[in-house]
Amino acid sequence: MTMPSVKYQRGEMVMGRWPGSSLYYEVKVLRYDASSQLYTVIYKDGTELELKEQDIKNAAGFQTRSRSRSRSRSPGRRRSRSRSPARTTRRSSSRTAAAVATAAITESAPTSRRDAKLKDTPEVRLSPLKQTKAAENNSNNKHEKKEEKQKEENNTANKVNESESKVEAESEKNQGRYNLRRRKDDGDAKALEIKPEKLEEKDAKLAAASAASLSSPLDFGGKMASLLCFVLPPGAYFWLLFLPAWVLFLVLQVNLEDPSLANFPPLLPPFEAFWDAQALGFVILWVLFQVLLYILPVGKLSEGMPLRSGERLKYRTNGFFAIAVSAVAVVAAVHQGVDLTYIHSHFLQLATASLLISVLLSIYLYVRSRYAAPEQLALGGNSGNVVYDFFKGHELNPRIKDFDLKFFCEMRPGLIGWCLINFAMALAEMKEQSLNAPSYSMILVNLFQLLYVLDGLWNEEAILTTMDLMHDGFGFMLAFGDLVWVPFTYTLQAYYLVSHPNLLSLPALAAIVTLKLVGFYIFRKSNSEKNAFRRNPSDPKLSHLKTIPTATGKSLLVSGWWGVVRHPNYLGDLMMALAWSLPCGFSHLLPWHYMIYFIILLVHRDSRDMSECRRKYGSAWDEYCRTVRYRIIPRVY
Ligand SMILES: NC(=O)c1ccc[n+]([C@@H]2O[C@H](COP(=O)([O-])OP(=O)(O)OC[C@H]3O[C@@H](n4cnc5c(N)ncnc54)[C@H](OP(=O)(O)O)[C@@H]3O)[C@@H](O)[C@H]2O)c1
Ligand SMILES: CC(C)=CCC[C@@H](C)[C@H]1CC[C@H]2C3=C(CC[C@]12C)[C@@]1(C)CC[C@H](O)C(C)(C)[C@@H]1CC3
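Residues numbered from 1 in each chain as written. Chains lettered and ligands numbered in written order. Predicted model: local features only at pLDDT ≥ 70, side-chain atom pairs only at ≥ 80, totals over all residues. Heavy atoms only, no water.

Naming follows an unreviewed UniProt entry, where the chain appears as Delta(14)-sterol reductase LBR of Dicentrarchus labrax. Annotation of the chain in UniProt includes, under Pathway (unreviewed entry), the sentence "Steroid biosynthesis; cholesterol biosynthesis." (UniProt positions renumbered as here; feature names shortened; annotations may be inferred.)

**Student:** Sorry, what's going on with the site of ligand 1 here?
**Tutor:** Around ligand 1, a shell composed of 27 residues is seen, among which Tyr 490, Tyr 570, Asp 573, Asp 609 and Tyr 617 lie nearest. Asn 569 places a side-chain nitrogen or oxygen 2.8 Å from an oxygen atom of ligand 1. One of the side-chain nitrogen or oxygen atoms of Asp 609 is found 2.5 Å away from an oxygen atom of ligand 1. Those elements giving two or more residues to the shell around ligand 1 turn out to be α20 (506–535), β12 (555–557), α21 (568–581), α22 (593–617) and α23 (619–627). If you tally residues by element for the shell around ligand 1, the top one is α22, at 9 residues. Tallied by class, the residues present in the shell around ligand 1 amount to 16 nonpolar, 4 polar and 7 charged. (Near = heavy atom within 4 Å. Polar contact = N/O pair within 3.5 Å; in protein donor to acceptor, adjacent residues only side chain to side chain. Helix = DSSP H or I, 4+ residues; strand = E, 2+ residues; numbered from the N terminus. Nonpolar A, V, L, I, M, F, W, Y, C, P; charged D, E, K, R; others polar.)

**Student:** Which parts of the structure should I look at to understand the site of ligand 2?
**Tutor:** Near ligand 2, the surroundings consist of 16 residues, among which Gly 456, Ile 463, Asp 468, Asp 482 and Arg 605 are the closest. Mapped by element, the contributors of at least two residues to the shell around ligand 2 are α14 (405–411), α16 (440–458) and α18 (476–489). Here the residues of the shell around ligand 2 are counted per class, giving 10 nonpolar, 2 polar and 4 charged.

**Student:** Quick question: what am I supposed to make of the packing of aromatic side chains here?
**Tutor:** Aromatic ring pairs are reported here in terms of the distance separating the ring centres and the angle at which the planes meet. Here the structure, examined in full by the defined rule, presents 37 aromatic pairs. Ring geometry for Tyr 366 versus Phe 390: centroids 6.4 Å apart, planes at 70 degrees, classification edge-to-face. Of this pair, Tyr 366 sits in helix α12 (residues 347–369) while Phe 390 is found in helix α13 (residues 386–392), placing the two residues 24 residues apart along the sequence. Comparing Tyr 366 with Phe 390 shows no difference in burial state: the two are buried. (Phe/Tyr/Trp six-rings, centres within 6.5 Å; stacked < 30°, edge-to-face > 60°. Buried < 20%, exposed > 50% of the residue type's maximum accessible area, 1.4 Å probe, protein only.)

**Student:** Hey, could you run me through the UniProt feature "transmembrane region" (unreviewed entry) in the chain in this one?
**Tutor:** Under the UniProt annotation, the feature "transmembrane region" (unreviewed entry) is placed at residues 227–253, 273–296, 317–335, 347–367, 478–498, 504–523, 544–565 and 577–603. End C-alpha to end C-alpha, residues 273–296 measures 37 Å, and it is 79% helix and 0% strand. This span, residues 544–565, is 0% helix and 27% strand, and a straight line between its end C-alpha atoms measures 18 Å.

**Student:** Just to check I follow, could you spell out helix α9 (residues 277–295) for this structure?
**Tutor:** Every α-helix carries 3.6 residues per turn, so stepping three or four residues along brings you back to the same face. The end-to-end C-alpha distance of α9, which contains 19 residues, comes to 27 Å, matching closely the 27 Å that a straight helix rising 1.5 Å per residue would cover. Listed in full, the buried residues belonging to α9 are Ala 279, Leu 280, Val 283, Trp 286, Val 287, Gln 290, Leu 293 and Tyr 294. Viewed end-on, α9 has its buried residues packed into an arc of 155 degrees, placing them on one side of the element. Looking at α9, the residues exposed on the side facing more than 90 degrees away from the buried face are Ala 277, Leu 285, Leu 288 and Ile 295. For α9, the capping residue at the N-terminal end is Asp 276, with a side-chain oxygen 2.8 Å from the backbone nitrogen of Gln 278. (Expected span 1.5 Å × (residues − 1). Arc of directions from axis to C-beta.)

What follows is the structure, given as structure tokens:
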């Protein structure tokens, strides 16, 4: 079947430009979409892309050079002679996207001078994209000089230069021009040189970066596409209904005198019991108060990680200021006679009101994401299935002017609300148990969790390098998680203690405090180490650490905390979680809810992160995993 009035026909073998480079590969035309005027083509390694007509050329007129190249020029050979830091650590021979890209560089090299130069350079060196020809030459020279200088100064350290994030962003920028579908695997697609256009070295380097970064969504998309269609929408329906029902169930359960599983299910109260307009009013006031604190021009403006568009968003990181002002306001309100135990007695209604707000926010987020430009969308949560995308989050960084909705929701109303609720529970315990001061268990739970939140807000900038901020879209899952799940399930230990006192012996108390402090130390140190390294890989304070370079230009820490296990921060976090539940004793499962949920969440996040990093870093990641064998708990898991 032919496609009338179209330049290239279905099934035709043509040459398709590889995103962000001058490299052309042999591709087969699959179809043409008249409305978008894009051709869907498939590369030999199974990658499907949508290309514009100008990025496709007839196969005639191309000259294949790859096969006639001498063996000494193969990427593998060259790699073994190169001074690349990768040589010492990377021995895998698997042809990843990076390897394919490296092959592309070698095999399309136009001059011997260039070859000679390549021998002396690390196998994949990246340089910024050109703006204008003059600016390009200028910046390129500067960049190379800088690189050489850095290499001299630092020739033993396996460090990436400071332009790497820019480069990564620039290479990712090119994705915007192409609609990426899927990639079956990192096969050995062959680079052919287009004669008329002289391939510039930086283009080739850029291609390497592009190939490496582009493999990500494709691999993921390829495997996930079929899964998404069949598994995830039903999964999304399930979670959409299950998660809110579960929170309401827990809140009802914790109200029972004996919240044991034997009393499951609790009696369902009438519908009116869930609803209280005043409770909704209080939640709205709380959120608006936090909005006000967030937009005040107080505190630092921090830069996020580079987006696919190359842009770096700015975030007002004044969370510590926000919690300090909130604390003063709450203490002043209590002093004025405001009865905070209202939070305890209206927990169910407050949870319902927050749920309503999170649903409305998610609808707004989904609707606005339909009008967002493709480069503003998250790579996941972009399946085309309404329910799945609504749940998972479609837009990466939804903003109203400079107001970042995802960052705000993750760090403010729920997180600070968590401390407010805990404090209210301490007051409720004193009232209910006729105590002059909260119990030791209650004090521990309050202090431990307050420390956790204060630390998160003090190091607010570090959240900008976490998975949620960098990769996940903002949809129901996070909106609900931030506004309902965190404040109404993370507070269950404190809620439970209000009517279920648990006496602690001094040794038990000391052991729990020690556990918390050790966990906190591991959590903070490891998070700070990674954050500092991601922000400035050449930080002199980190120069003692060993790293593995990756084809994206970023390196992986392989000693220090990240050399002990692959997620030392999760280990510390889990130890802290244990310390939060222990003060509640072992009579009921409910105060252990956080611990159980957290193990599931972190194991899932770890495996999600593993596949993400595998796809991003290819064989470098495999090598990291071979070197650092355990995921979270040394010698156990
Ligand atoms: N309390 C809660 O409810 C809760 C829930 C979830 C998470 N958390 C905590 O939040 C924090 C952030 O967690 P997260 O899940 O976003 O994961 P994370 O561990 O902070 O980030 C994972 C990312 O770190 C980078 N990375 C991995 N290994 C590395 C290495 N060897 N060297 C350098 N970079 C490496 C990779 O990203 P790039 O290479 O792309 O930079 C990877 O995707 C953690 O401390 C976690 O415990 C708390
Ligand atoms: C809907 C469900 C079941 C889950 C949504 C997950 C969501 C609640 C968490 C995902 C990432 C988490 C996170 C924190 C809170 C909970 C999440 C948003 C965090 C802000 C807690 C404070 C820490 O110091 C932190 C490191 C800043 C945390 C970052 C990740």
